[in-house]
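Here's the letter readout for the chains.
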Amino acid sequence: MLSDEYNVVLREDGESAFLAAVADPPDLIITDLMMPRWDGERFVRALAERAQSPRVPVLVLSARADDTLRENLLEHLVQDYLIKPFSAQELRARARNLVAVKRTVDILQRELNSQASDIVELTAGLVESRQSLQRSFTALQVSDRRWLGLYENTAVGIALTDRDGRILSANPALQRMLGYGRDEIVGVSLIALTDPAERDTTARNVHGLFDGELPSYSVQKRYERKDGAYLWANVCASRIPAMAGDGAMLAVIVEDITLRMEAERSLAATRAELTRVARFTAMGELVASIAHEINQPLTAVITNSQAALRWLSHASPNLDEVAAALKRVNRDASLAGEVISRIRGFLRAGEIRREPVDLARMLDELLQMLQTVLSEAGVQVSVAQPRPQPRLIADPVQLQQVILNLILNAVDAMRDLPGGGRWLRIEVAPEPAGGLGFAVRDSGPGVAADMEARLFEAFYSTKPDGLGMGLAISRSIIENHGGRLWLDRSAGPGACFRFTLPDQ
């Protein structure tokens, strides 16, 4: 009845049927109850007790009309119970229903297994994500503790500010720098604490950071402390984007450089005073030359004034001669005044005063001041300058001091040479890379190799009575002008000192 729809496998008893069903589970088992060896009830009970066996629907065919047995089997072991006699149509219908249910259950089971596998994978992923989140949270906690330790204990001031520069929070270092307590400093505007001359620029920088026009900025500036004193600081500010409900903020890093600025000002003042002392020392070497330069016009003043007095003492004074003599007196007095003015200017105190320099006039005045020294030492001087005269911005007094020191050093180095062999050359020429190059060359013995390393050290001198400050101060002056001073050994015999001044 079923072989035309299904592949039917027959077994003679319950035991052989059990072994066949275990070996190759079917889609449906149809069994009688009355069989040799194992009966149908033992067969289906053995199948039910085998836990790892797949669930196969069972249809019992029996002539026994035992309601108790039938109900017990249907409740616990089988899916259908058909009492003989029965029709082929009824058997086929029940077989179809059971097979259809079995196949539907198989499909659902496979789907359930697939979903269970997905759930297992999802669960494993969730567990891994939770573990990763826990690790990230732990790392974040460690990072927060480190940041808090840095924020609380660093010597650098740190502040978070809003768009108007008002402090939202500040670390202890910044509180100490500005003289405010923890609660006092909140709401204080860093823009308002800025020096009045820089407030507008600071406000523009802050708004530029918030508007995205600037990625960050660094500046050296001055803040007013709570007690009215000033704090010099290197300040670096950058924008922190909005996050987690908080608006955008500025992170401001403040480094206190007040002591350094005071030390630099003190050092600059000491250097300026030392430079001035060096000029006085150089003037000491030029006393004879200065006296000669002043004596000449003063002698002429005396001579012409006496001549005027003689013309006036005549019975009929010659007023034309008196006028001419007085004009000569005025001319010579003016010359003496110019000499004194040059000396006063050379000895003046003050910071670097950069201004256009008349190079030819400056060198001419310097050589006039040195005329007696050069003549007594028997040194012939030549000057090479570019034409037309180049534009030079510098402090003329300090530039004169450098050249004066180099010339005096050259004269001292040539004093022991035989007469006629002493010459000095001053050269000025444009540099290929821009700016001006100066060279002072002499015909002396040059600089010993073992002295070159210490040549520009302070208080180191090759002269028995030298202070050892001339070259050190000269190098400092040139470097303050943005140039460089060095000994050039490639220029031939004697010594050649060169220095450069950049374009301004």
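Shown above is the structure to which this text applies.
Attention here is on the structure that accompanies the text. The structure presented is a predicted model; accordingly, all values stated were derived computationally and were not measured.

### A few points about the pattern of salt bridges
Okay, so step 1: A complete count under the given rule lists 22 salt bridges for this structure.
Okay, so step 2: Between R37 and E15 there is a salt bridge, and its shortest N-O distance comes to 2.8 Å. Residue R37 is found in the loop between β1 (29-32) and α2 (40-49), and its partner E15 is found in helix α1 (residues 14-23); the two are separated by 22 residues along the sequence.
Okay, so step 3: R37 sits in the exposed class, given a relative accessible area of 64%.

### Details of the sheet that holds β1
Okay, so step 1: Spatially, β1-β2-β3 is the arrangement adopted by the 3 strands of the open sheet, whose pairing is parallel. Each edge of the sheet is formed by a strand with only one pairing partner; in this case those strands are β1 and β3 (80-83). Across this sheet, the average inter-strand angle for adjacent strands is 25°, counted without regard to direction.
Okay, so step 2: As paired strands, β1 and strand β2 (residues 58-62) are joined by 4 bridges and run parallel to one another. The residue of β2 that forms the bridge with I29 is V58.
Okay, so step 3: Docked against the sheet, α2 engages β1 and β2, running at close to 145° with respect to β1.

### Some points on the sheet that holds strand β15 (residues 496-501)
Okay, so step 1: Pairing is mixed across the open sheet formed by 5 strands, whose spatial order is β10-β12-β13-β15-β14. Among the strands making up the open sheet, the edge pair consists of β10 (380-384) and β14 (484-487). Sheet twist, expressed as the average angle between the axes of neighbouring strands with direction ignored, equals 10°.
Okay, so step 2: Pairing between β10 and strand β12 (residues 423-430): 5 bridges, direction parallel. Along β12, the bridge assignment pairs V381 with L424.
Okay, so step 3: Along the sheet face, helix α15 (residues 470-480) touches β14 and β15 and points at about 140° away from the line of β14.

### Here's the deal with the packing of helix α11 (residues 359-369) against helix α13 (residues 396-414)
Okay, so step 1: Axis separation between α11 and α13 bottoms out at 11 Å; the angle between their running directions is 50°. The angle between the axes of α11 and α13 places the two elements in the oblique class. The crossing of α11 and α13 is right-handed. Each of M362, L363, E365, L366 and L367 in α11 lies in contact with α13, whose residues at this interface are P396, L399, Q400, I403, L404 and I407.
Okay, so step 2: The class makeup of the residues in the contact of α11 with α13 is 9 nonpolar, 1 polar and 1 charged.

### Examining the packing of aromatic side chains
Okay, so step 1: A complete count under the given rule lists 2 aromatic pairs for this structure.
Okay, so step 2: Considering the side-chain rings of F18 and W38, the 5.6 Å spacing of their centres and the 50° angle between planes classify their relative orientation as tilted. With a gap of 20 residues between them, F18 in helix α1 and W38 in the loop between β1 and α2 connect regions that are remote in the sequence.
Okay, so step 3: Judged by its relative accessible area of 15%, F18 is buried.
Okay, so step 4: For W38, a relative accessible area of 15% corresponds to the buried category.
Okay, so step 5: Centroid distance F438 to F499: 4.6 Å. Interplanar angle 5°. Geometry classified as stacked. With F438 in strand β13 (residues 436-442) and F499 in strand β15, the pair connects residues that are 61 residues apart, well separated along the chain. A single burial state applies to F438 and to F499, both of which are buried.
Okay, so step 6: Stacked on the ring of W486, the Lys or Arg R484 has its end atom at 3.9 Å from the ring centre.

Rules behind the numbers
Residues numbered from 1 in each chain as written. Predicted model: local features only at pLDDT ≥ 70, side-chain atom pairs only at ≥ 80, totals over all residues. Heavy atoms only, no water. Salt bridge = Lys/Arg side-chain N within 4 Å of Asp/Glu carboxyl O. Helix = DSSP H or I, 4+ residues; strand = E, 2+ residues; numbered from the N terminus. Buried < 20%, exposed > 50% of the residue type's maximum accessible area, 1.4 Å probe, protein only. Pairing = 2+ DSSP bridges. Axes fitted to C-alpha atoms, helices over the stretch in contact; angles between N-to-C directions. Contact = heavy atoms within 4.5 Å. Parallel < 35°, antiparallel > 145°, perpendicular 65-115°, else oblique. Left-handed = near helix turned anticlockwise from the far one by under 90°. Nonpolar A, V, L, I, M, F, W, Y, C, P; charged D, E, K, R; others polar. Phe/Tyr/Trp six-rings, centres within 6.5 Å; stacked < 30°, edge-to-face > 60°. Lys NZ or Arg CZ within 6 Å of the ring centre and 35° of its normal.

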